[in-house]
Amino acid sequence: MSPIASLPQRQPESLALSQAPARTPELSVIVPTFKESGNVAALVQRLDAALEGHDWEAIFVDDDSPDGTWENVKAIAATDARVRCLRRVSRRGLAGACIEGMLSSSAPYVAVMDADLQHDENLLPRMLATLKRDETDLVVGSRYVEGGSAHSFSKSRGVISRAAAGLARLWTHVELTDPMSGFFMMRRDRFDPLAASLSIQGFKILLDIIISAKGALRIVEEPYVFGSRTYGESKLDAQVGLDFFGLLLTKLTGGAVTPRFLSYALVGTIGLSVHLAVLRTALLGFGMVFAQAQAVAALAAMTGNFLLNNSLTFREKRLTGFAMVKGLFGFYAISSVGALTNVGVASWLYAYEPVWWLAGLAGALMGVVWNYSMSTLLVWRAK
Ligand code: GDD
Ligand code: MN
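Bear in mind that the values here come from a model prediction, so they are computed numbers and not experimental data.

Novice: Sorry if this is basic, but what is going on with the sheet that holds strand β6 (residues 184–187) here?
Specialist: Hydrogen bonds between backbone groups are what pair the strands of a sheet, and the pairing can be parallel or antiparallel. Strand order in the open sheet formed by seven strands is β3-β2-β1-β4-β6-β5-β7, with mixed pairing between adjacent strands. Pairing within the sheet leaves two strands with one partner each, and these edge strands are β3 (83–87) and β7 (219–223). Between one strand axis and the next, the sheet turns through 20 degrees on average, direction left out of account. As defined by bridge partners, strand β5 (residues 138–142) adjoins β7 across five bridges and the pair is classed as parallel. In the sheet register, valine 139 faces β7, and the bridge partner there is valine 220. Packing of helix α2 (residues 40–50) onto the sheet brings it into contact with β1 (27–33), β2 (56–62) and β3, and relative to β2 it is tilted by some 160 degrees.

Next comes the structure, spelled out in C-alpha cells:
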C-alpha cells in the first residue's frame, strides 16, 4: 500500500463544505481608516447605492483608532455581511494597511479608497467595467485628467502632487497624471505577486505598485472630482512630500536606504551642530577645560538626538513617561558604544591607509549604522 493511500480520508469535511452559503464577491473595496468614526456609516451607504447590482464587500483596515472607528465598522458588519473589519494593533501606516487589506481579499478585483468621502464612489462601477474588458490591469482615479479636479486641494499640496507626478513619469516611463492617487482598482492576480516587494511605510502605495511592476501593468486613468472632507482631518498634509522622496530614495538604492534611516542620519547631522555649538559655549562662555566641555557637548547632542528621533524618526513608536527615561539611558549607552566603534574603525583603517578623511568618514558611517540598528532593536522596538 502506498503511504498516500493510508492518509486519513477527508470526506466528511468536504460534505459539510458543500453546504457553504456564498462564494467570494467579485470586488473587495479596501478602506484604510484612522480616526474616521464619523465617516464609515455614510461610506457604506454610498457604496451600497453606487454598487447596486454588483457583488462586492468592503474591508475596513483600521489601525486601532481611539475614536471608535473599528467599533462602528464591526457594529455595521454585525448586520451587513458585505462589511468586514480588520483591526490592526501596534502598527500604523496607510501603505501597510492597504497591503494587508488587499492580501486579505479573495475576490478577483480589489479597490483602494479613502474613508473620508473625498473619493467619488460612483467611479467604482466604471473602474470595474474597464477591468472586466480584460485589456487593463489597473485603473487609477485621477484628479488631473480631463474632467477630474482637485479644487479642494491646498496650494502647496497641489504643487507637491504635480511635482511628484512629473518625477514619477520620468522615472517609471508610465504616463500617469496622478501617481499619488489613493483611489484605484486592480486585478488581484496582478497584485499578489507584487505584495512582498512593496514598502509598508508611507502613503505612496499606488506609485510603489507601479514601480515594482516594472512596466508589466496595463494602466488606465479615469477622472473624478476630489471632494472635501467634512468629518475628521487629513493625516498626511505635512508628510506627503517627504514621504514621496523617501520612497524614491529607497527604490533607487534597492532598499538599502530607508526613509527612517535617512531621518536618523539627518537627526545625527543636526546633533553634530548642537555638539559644536555647546562645545563652543562651554569653552568660551563658561571657560571649561576641553575634556569637560566635550563631555557636556556630547551629552547635550545625545539628548537632543534622542528627543528628535523620538518625535520624528520613530514617531509611531514614540516613547512616553518612564519608558522614555529608560529609552534615553539606553540611547546614551548605545551612542557611547557607537562612538567607540567609530574611533576603533577609523584608527584601524588609518593605520593601513593614512587618508584622514576616508578613515574619518568610514568611522562615522560605522557609528551611525551601529547606532541606528541598535536603537531600532533595543530602544524603539515594536511594542
Ligand atoms: N489604517 C490606516 N493607518 N489608515 C490611515 C492611516 C494610517 O496610519 N493614515 C491615514 N489613513 C486613512 C485615512 O483614515 C483615510 O481614510 C485615508 O487613509 C486617507 O487619509 P487622509 O488623511 O484623508 O489623506 P488625504 O486626503 O490628505 O490624502 C489623499 O490624497 C493623497 C494624494 O495627495 C489620499 O487619497 C492619499 O492616499 C493620497 O496619496
Ligand atoms: Mn482625505
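Novice: Explanation requested: the pattern of salt bridges in the structure shown.
Specialist: Opposite charge on two side chains lets them pair, provided their charged atoms get close. All told, the structure shown has 21 salt bridges when counted by the stated rule. Among the salt bridges present, the one from arginine 46 reaches glutamate 121, with a minimum N-O distance of 3.8 Å. With arginine 46 in helix α2 and glutamate 121 in the loop between β4 (109–112) and α5 (123–132), the pair connects residues that are 75 residues apart, well separated along the chain. Residue classification places arginine 46 among the partly exposed residues on the basis of a relative accessible area of 34%. Across the pair glutamate 57 and arginine 84 runs a salt bridge, and its minimum N-O distance is 3.5 Å.

Novice: How do you make sense of a nonpolar patch on the surface when you look at a structure like this?
Specialist: Taken together, the side chains of Tyr350, Trp356, Trp357, Leu358 and Leu361 present a nonpolar region at the surface, about 640 Å² in accessible area. With four residues, helix α13 (residues 356–379) is the single largest residue contributor to the nonpolar patch. Position of tryptophan 357 relative to the elements: it lies in helix α13.

Novice: Is there a simple way to explain the layout of surface pockets in this structure?
Specialist: Regions of empty space are outlined by a rolling probe, equal in size to a water molecule, passed over the atoms. Quantified by volume, the second largest pocket comes out at close to 970 Å³. Along the walls of the second largest pocket sit 28 residues, with Gly268, Leu272, Asn305, Asn342 and Asn371 positioned nearest its centre. Looking at the lining of the second largest pocket, the elements that each hand over two or more residues are α10 (259–285), α11 (290–313), α12 (321–352) and α13. A per-element tally of the lining of the second largest pocket places α10 first, with nine residues.

Novice: What's the story with the environment of alanine 81 in this structure? I'm lost.
Specialist: Relative to the elements of secondary structure, alanine 81 occurs in the loop between α3 (69–77) and β3. For the pair formed by alanine 81 and alanine 58, sequence separation is 23 residues and the distance between their alpha carbons is 9.4 Å.

Novice: Please explain the coordination of the manganese ion (ligand 2) as it appears in this structure.
Specialist: Ideal donor angles around a metal are set by the shape: a four-donor tetrahedron calls for 109.5 degrees, a six-donor octahedron for 90 or 180 degrees. Donor atoms from the polypeptide that bind the manganese ion (ligand 2) are Asp116 (OD) and Gln118 (OE1), placed at 1.9 Å. By relative accessible area, which is 3% here, aspartate 116 ends up buried.

Novice: When you look at the packing of α10 against α11 in this model, what are you seeing that I'm missing?
Specialist: A pair of packed helices can be characterised by two numbers: the angle between their axes and the separation between those axes. In the contact formed by α10 and α11, the axes pass within 8 Å of each other and the chain directions differ by 150 degrees. With respect to their mutual orientation, α10 and α11 come out roughly antiparallel. When you trace α10 past α11, the crossing you get is right-handed. Of the residues contributing to the contact of α10 with α11, the split by class is 16 nonpolar, eight polar and one charged.

Novice: Would you mind showing me how to read the packing of α10 against α13 here?
Specialist: Here α10 crosses α13 at 120 degrees, and the two axes come no closer than 11 Å. It follows from the interaxial angle that α10 and α13 lie oblique. Regarding α10 and α13, the two cross each other, and that crossing is right-handed. Judged by residue contacts, Arg260, Phe261 and Tyr264 of α10 engage Val368, Val369, Asn371, Tyr372 and Ser375 from α13. Taken together, the residues that form the contact of α10 with α13 break down as five nonpolar, two polar and one charged.

Novice: Please explain helix α8 (residues 205–212) as it appears in this structure.
Specialist: In an α-helix there are 3.6 residues to a turn, and that puts residues three or four apart on one side. When you tally the buried positions in α8, you get eight out of eight residues, the bulk of the element. Residues of α8 that are buried: Ile205, Leu206, Leu207, Asp208, Ile209, Ile210, Ile211 and Ser212. Lysine 214 sits one or two residues past α8 and shows a positive phi near 50 degrees.

Novice: What am I meant to see in the side chain of serine 65 here?
Specialist: Checked against the element boundaries, serine 65 lands in the loop between β2 and α3. Using a relative accessible area of 3% as the deciding quantity, one classes serine 65 as buried. In contact with serine 65, not counting residues within four places along its chain, are Thr33, Phe34, Lys35 and Trp70.

Novice: How should the site of ligand 1 be read in this particular structure?
Specialist: Glu36, Asp114, Arg229, Ser234 and Lys235 are the nearest of the 26 residues found near ligand 1. Measuring from an oxygen atom of ligand 1, one finds a side-chain N or O atom of aspartate 116 at 2.7 Å. Within the side chain of glutamine 118, an N or O atom sits 2.8 Å from an oxygen atom of ligand 1. When residues of the shell around ligand 1 are traced back to their parent elements, those giving at least two are β1 and α4 (94–103).

The rules behind the values
Residues numbered from 1 in each chain as written. Chains lettered and ligands numbered in written order. Predicted model: local features only at pLDDT ≥ 70, side-chain atom pairs only at ≥ 80, totals over all residues. Heavy atoms only, no water. Pairing = 2+ DSSP bridges. Helix = DSSP H or I, 4+ residues; strand = E, 2+ residues; numbered from the N terminus. Axes fitted to C-alpha atoms, helices over the stretch in contact; angles between N-to-C directions. Contact = heavy atoms within 4.5 Å. Salt bridge = Lys/Arg side-chain N within 4 Å of Asp/Glu carboxyl O. Buried < 20%, exposed > 50% of the residue type's maximum accessible area, 1.4 Å probe, protein only. Patch = residues over 30% accessible without salt bridge, like charges linked within 9 Å, V, L, I, M, F, W, Y side chains within 5 Å. Areas by Shrake-Rupley, 256 points an atom, 1.4 Å probe, with all protein chains shown as cover. 1 Å grid on protein atoms, 1.4 Å probe; cavity = no way out; pocket = protein on both sides within 12 Å on 5 of 7 lines; lining within 4 Å. Points joined across faces, edges and corners; volume = space filled by probe spheres on them. Donors = N, O, S within 2.8 Å, 3.2 Å for Na, K, Ca; no water. Parallel < 35°, antiparallel > 145°, perpendicular 65-115°, else oblique. Left-handed = near helix turned anticlockwise from the far one by under 90°. Nonpolar A, V, L, I, M, F, W, Y, C, P; charged D, E, K, R; others polar. Near = heavy atom within 4 Å. Polar contact = N/O pair within 3.5 Å; in protein donor to acceptor, adjacent residues only side chain to side chain.

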